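# Breakdown of the fold
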Amino acid sequence: MSKRRVAYYYDPDVGSYTYGLTHAMKPQRMRITHELVSAYDMLPKMHVLRAKRATAETMTRFHTDEYIDFLSKVTPENARRLTYQGTRFLVGDDNPPFEGVFEFSSISAGGSIAAATRLMEGQADIAINWAGGLHHAKKREASGFCYINDIVLGILEMLRYAPRVLYIDIDCHHGDGVEEAFYTTDRVMTASFHKFGEFFPGTGHLEDRGRGPGRGYAVNVPLKDGITDESYKNIFEPVIDKILEVYRPDGIVLQCGADSLSGDKLGGLNLTMQGHARCVQYVRSKNIPLMLLGGGGYTVKNVARAWTYETACALGIEQDIDPNLPWNEYFEWFGPRYRLEVLESNLEDLNARDNSLDKIRDSVLQHLSELRPAPSVQMQDVPRENLAHHLGLPNVRGYRPIDDMDERLAQHARFVYNLQNESDETHSDSEGDGADSDASSARPTARGRPARKTRGSKKRMSIITSQYFDVPRAPPDLDDGEADDGDGGCGHEAWASARAGLPAGATRKRRFFQSVAEWDPVKRVVTERERAGVRAGEEAFMVNGGKPRARGGARARTRGGGRSRAREKVDEDMDEFEADGDVEDDDD
């Protein structure tokens with residue numbers, strides 16, 4: 001096989017976190033995979049990188065400010081209060097508030113974003129981040145062991161460079177979080193091959209094909225228990241071929257969830273290591289920029305085997321590696337055979353009973369043939385970073401005055417947010433307090449299948465049991481004593497309303513614009529202006545944390561002056577400011 005430039009992202013700290021001793025998800029599997037990759041001497045053949053961890057601001061490209069602020073604060077001690085007794089953010093027992101959850105999520109997201117950037121800038125042909133692939137996380141809620149959806153963040157980064165991106169998911173579970181994020185756009189096509197039925201997350205029906213402009217760009221291939229390598233190949237390759245013919249993506253993201261392997265604790269499929277890796281080999285052969293991500297996989301030793309072999313597939317050396325495992329720190333884990341293999345079990349292939357796989361393949365291919373030619377989008381180059389950062393002066397900032405246009409935009413943003421809040425409240429009221437709303441959410445549609453569950457539904461499914469459970473209702477009031485644990489909360493708890501002087505029973509309305517999160521750049525700018533005593537319309541230049549310098553009472557905007565005049569005045573002042581010697585050049 002031809003050689004590829006492979007970038008391999010790994011953070012040594014990723015294996016140090018734990019969901020809990022009895023939890024099915026084990027972050028240590030990434031460390032074991034890395035040890036095997038190193039033992040097979042693959043690291044010198046790749047560009048090994050440690051990605052910069054994603055900041056809270058970067059995560060809000062997809063997730064809500066409120067949710068990211070929550071993740072940055074939550075601990076096992078204050079989780080009960082910050083989740084409103086399990087009614088928001090972390091619903092159920094699948095997603096525990098373990099120590100370091102925000103840092104763990106930032107490693108995963110940072111790796112996928114860095115991999116996307118390196119891939120799209122042409123510095124690599126294949127980028128690998130086995131710590132990524134957390135495809136269940138929603139915009140404002142954790143789900144299925146996933147807190148931050150690094151896949152969505154990575155794809156959003158790729159869309160800055162590419163008109164179209166293809167996402168392929170071979171995890172045993174449906175990639176509902178990624179599909180939901182791009183359900184209404186044609187710039188991302190999602191293709192998920194997953195087990196379907198009474199199985200988490202309960203989505204991914206064959207007829208779920210997108211909505212609006214994204215109609216037809218969500219492809220779902222539902223499978224039954226026990227699918228084998230040959231059956232998987234017979235449906236995977238024709239569907240991918242048709243997608244590439246119709247969609248012509250500029251980049252591909254392949255989520256390699258290893259819970260579709262035989263013998264997984266939570267999966268029900270019957271793929272061998274070679275059958276699973278054949279998907280990687282096939283997509284690699286198309287010579288399209290490819291990002292490989294991790295995902296599910298709960299039999300740890302099989303996960304490490306599969307991802308090690310697929311790393312070799314990315315390098316094109318899978319035929320050269322020894323199936324007998326070399327000595328490594330975790331060698332004893334792989335007994336009694338100590339081989340790089342995952343064998344097929346005797347599980348019956350239910351897909352072969354009624355020839356259902358052929359019907360699904362024909363239906364998917366028919367839907368794809370009905371799509372229009374590859375959609376296009378007007379692209380234009382945008383700055384990747386600000387000038388100060390490019391020059392190595394990240395602390396030097398010159399802020400222009402906040403003018404009428406800025407104020408009107410802020411007022412409009414608040415207006416739109418208030419409308420959204422009112423819509424959410426109306427939707428919540430319409431759901432009702434009884435069982436009628438729950439029954440209606442599970443009522444079959446005209447096609448005879450369960451209705452697609454929305455974020456506002458009052459039921460969730462557990463990834464461990466694949467059973468639905470009721471979301472507990474938030475108590476009408478919380479104990480005031482719970483507020484004294486050193487955390488300010490989110491600002492709209494019952495005790496916070498009491499402190500704000502609101503009447504009994506009244507709750508403070510949630511406002512993202514009044515968040516105390518200091519990572520918000522807009523909030524930081526406003527805070528600095530307020531501390532410096534600068535009013536709207538005045539000029540302030542803060543250099544390296546210095547105080548604003550007065551300009552003889554000059555205003556940035558006169559009554560009859562225009563925007564261009566204010567801009568000229570600001571530029572002149574900046575020139576004078578630099579001439580005063582406050583900023584030193586690095587020429588000498």
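What counts and how
Residues numbered from 1 in each chain as written. Predicted model: local features only at pLDDT ≥ 70, side-chain atom pairs only at ≥ 80, totals over all residues. Heavy atoms only, no water. Helix = DSSP H or I, 4+ residues; strand = E, 2+ residues; numbered from the N terminus. Buried < 20%, exposed > 50% of the residue type's maximum accessible area, 1.4 Å probe, protein only. Contact = heavy atoms within 4.5 Å. Areas by Shrake-Rupley, 256 points an atom, 1.4 Å probe, with all protein chains shown as cover. Pairing = 2+ DSSP bridges. Axes fitted to C-alpha atoms, helices over the stretch in contact; angles between N-to-C directions. Lys, Arg positive; Asp, Glu negative; His and termini not counted. Salt bridge = Lys/Arg side-chain N within 4 Å of Asp/Glu carboxyl O. Expected span 1.5 Å × (residues − 1). Arc of directions from axis to C-beta. Core = buried A, V, L, I, M, F, W, Y, C linked by side-chain atoms within 4.5 Å. Phe/Tyr/Trp six-rings, centres within 6.5 Å; stacked < 30°, edge-to-face > 60°. Lys NZ or Arg CZ within 6 Å of the ring centre and 35° of its normal. pLDDT = per-residue confidence, 0-100.

Glancing now at the overall build of the protein chain. The helix and strand tally for the protein chain stands at 17 helices and 12 strands. With 588 residues in all, the protein chain has 50% of them scored as buried. At a minimum sequence separation of 6, the contacts of the protein chain that also span at least 24 residues come to 77%. Taken as a whole, the protein chain presents about 28400 Å² of accessible surface, with 48% of it coming from carbon and sulfur.

We now examine the sheet that holds strand E5 (residues 188-195). With parallel pairing, 8 strands are arranged side by side in an open sheet as E2-E1-E3-E8-E7-E4-E5-E6. The open sheet has two edge strands with one neighbour each: strand E2 (47-49) and strand E6 (218-223). Each strand axis lies, on average, 15° off the axis of its neighbour in the sheet, ignoring direction. Pairing of strand E4 (residues 165-169) with E5, which is carried by 5 bridges, proceeds in the parallel orientation.

This next bit is on the side chain of Arg118. By secondary structure assignment, the location of Arg118 is in helix H5 (residues 101-120). Comment: no salt bridge for buried Arg118; closest opposite-charge side chain is Glu121, at 6.8 Å. Setting aside chain neighbours within four positions, we find Arg118 in contact with Ala7, Tyr9, His47, Leu49, Gln123 and Ala124.

On to the pairing of E5, then. Note on strand geometry: in a regular strand, side chains alternate between the two faces of the sheet. Of all 8 residues that make up E5, 8 are buried, and the element is covered over most of its length. Residues Val188, Thr190, Ser192 and His194 line one face of E5 and the alternating positions Met189, Ala191, Phe193 and Lys195 line the opposite face, and both faces are buried.

Glancing now at helix H11 (residues 356-369). Under the 1.5 Å per step criterion, the end-to-end length of H11 is 20 Å for 14 residues, consistent within 8% with the ideal 20 Å. All buried positions along H11 are accounted for by Ser356, Leu357, Ile360, Arg361, Ser363, Val364, His367 and Leu368. Projected down its long axis, H11 shows its buried positions confined to an angular sector of 165°, all on one face. Structurally, H11 contributes buried residues whose contacts are with E5, E6 and helix H8 (229-247).

Among the nonpolar cores identified, the biggest contains 138 residues, and Ile155, Ile168, Phe236, Ile243 and Leu292 are the most heavily contacted of them. Among residues more than four places away in sequence, those in contact with Phe236 are Ile168, Ile170, Phe193, Cys279, Tyr282 and Val283.

Before going further, it helps to spend a moment on the packing of aromatic side chains. Inspection of every chain in the model, using the stated rule, returns 18 aromatic pairs. Considering the side-chain rings of Tyr67 and Phe70, the 6.4 Å spacing of their centres and the 20° angle between planes classify their relative orientation as stacked. In this pair, Tyr67 and Phe70 are both assigned in helix H3 (residues 65-73), 3 residues apart and thus about one turn of the helix distant. Comparing Tyr67 with Phe70, the two get one shared label, buried. Within the aromatic cluster, the residues linked to one another by ring pairs are Tyr17, Tyr19, Phe98, Phe104 and Tyr147. Over the aromatic face of Tyr84 sits the side chain of Arg88, whose NZ or CZ is 4.6 Å from the ring centroid. Over the face of the ring belonging to Phe199 we find Lys195, whose NZ or CZ atom lies 4.3 Å from the ring centre.

Where burial is concerned, the two faces of strand E3 (residues 126-129) agree: the one with Ile126 and Ile128 and the one with Ala127 and Asn129 are both buried. When strand E1 (residues 6-9) meets E3, the two strands line up parallel, connected through 3 bridges. Pairing of Ala7 across the sheet is with Ala127, part of E3. Bridging between E3 and strand E8 (residues 290-293) involves 4 bridges; their strand directions are parallel. By the bridge assignment, Asn129 is partnered in E8 with Leu293.

Turning our eyes to something else, we now look at the confidence of the model for the protein chain. Predicted confidence across the protein chain gives a mean pLDDT of 79, with 70% of residues reaching 70 or more. Contacts of residues 507-519 to residues separated by more than four positions or lying in other chains number 35 contacts, the stretch itself having pLDDT below 50. Low confidence marks residues 537-563, where pLDDT is under 50. Its contacts with residues over four positions away, or in another chain, come to 48 contacts.

Take the pattern of salt bridges next. Scanning the model with the defined rule gives 19 salt bridges in all. A salt bridge links Asp11 to Arg53, with the nearest nitrogen and oxygen atoms 3.4 Å apart. In this pair, Asp11 is assigned in the loop between E1 and helix H1 (28-39) and Arg53 in the loop between E2 and helix H2 (56-59), connecting sequence segments 42 residues apart. Judged by its relative accessible area of 6%, Asp11 is buried. The exposure class assigned to Arg53 is partly exposed, which follows from its relative accessible area of 28%. Residues participating in the shared-partner salt-bridge network are Asp11, Asp13, Arg50 and Arg53.

Here H3 lies mainly inside the structure; 7 of its 9 residues are buried. Regarding H3, the residues found buried are Glu66, Tyr67, Ile68, Asp69, Phe70, Leu71 and Lys73. Considering only its buried residues, H3 is in contact with H2, helix H4 (79-82) and H5.

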